[in-house]
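Structural characterization, general
Here are the chains, one letter per residue:
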Amino acid sequence: MKNVKIMFQGINDVRSFVSVAERYEFDIDIVLDRYRVNGKSIMGIFSLDLSSALELVVHSDDCAAFLAEIKSYIVE
């Protein structure tokens, strides 16, 4: 399992992220405070407050390719 912080700048970022996430077999969650949504669900992501950093939880140890594809959303 891998956890990183991500942030989206707008609707197109979310759409692009979900498009990439859907190509991978492993589960992906996005967490904000006590809310956890499916990272492959546009509606789930839009139910969160996108103005702050979100925690991305990737349920795989073999996720380097996925993280490389979404590196523009990862924040320190």
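See above for the structure.
Criteria and thresholds
- Residues numbered from 1 in each chain as written.
- Predicted model: local features only at pLDDT ≥ 70, side-chain atom pairs only at ≥ 80, totals over all residues.
- Heavy atoms only, no water.
- Pairing = 2+ DSSP bridges.
- Helix = DSSP H or I, 4+ residues; strand = E, 2+ residues; numbered from the N terminus.
- Buried < 20%, exposed > 50% of the residue type's maximum accessible area, 1.4 Å probe, protein only.
- Contact = heavy atoms within 4.5 Å.
- Salt bridge = Lys/Arg side-chain N within 4 Å of Asp/Glu carboxyl O.

For the rest of this paragraph, the subject is the sheet that holds strand β2 (residues 28–32). With respect to topology, 5 strands assemble into an open sheet ordered β3-β2-β4-β1-β5, the strand pairing being antiparallel. Two strands bound the open sheet, and with one partner strand each, they are β3 (35–38) and β5 (74–75). Strand direction decides the pairing type here: strand β1 (residues 2–6) and β5, joined by 2 bridges, are antiparallel. From the neighbouring strand, Ile6 faces β5, where its bridge partner is Ile74.

A word on the pairing of strand β4 (residues 54–58). Across the 5 residues of β4, 4 count as buried, placing the element largely inside the fold. The pairing of β1 with β4 spans 5 bridges and is classified as antiparallel. By the bridge assignment for β4, Ile6 is matched with Leu54. Looking at chain direction, β2 and β4 are connected through 4 bridges and run antiparallel. Residue Ile30 lies in a different strand from β4, and its bridge partner there is Leu56.

Right, let's get into the environment of Val14. When you line up the elements, Val14 lands in helix α1 (residues 11–21). Between the C-alpha atom of Val14 and that of Ser41, which follows or precedes it by 27 residues, the distance is 9.5 Å. Ignoring any residue separated from it by four or fewer positions in sequence, one finds Val14 in contact with Phe8, Ile45, Phe46 and Leu50.

Any two side chains of opposite charge can pair if their charged atoms end up close together. As enumerated under the stated definition, the model contains 2 salt bridges in all. The partner of Glu69 in a salt bridge is Arg23, with the nearest N and O atoms 2.1 Å apart. Taken together, the positions of Glu69 in helix α3 (residues 64–69) and Arg23 in the loop between α1 and β2 put the pair 46 residues apart, joining distant regions of the chain. Two residues, Asp29 and Arg36, come together in a salt bridge whose shortest N-O distance is 3.1 Å. By relative accessible area, Asp29 is classed as buried at 15%.

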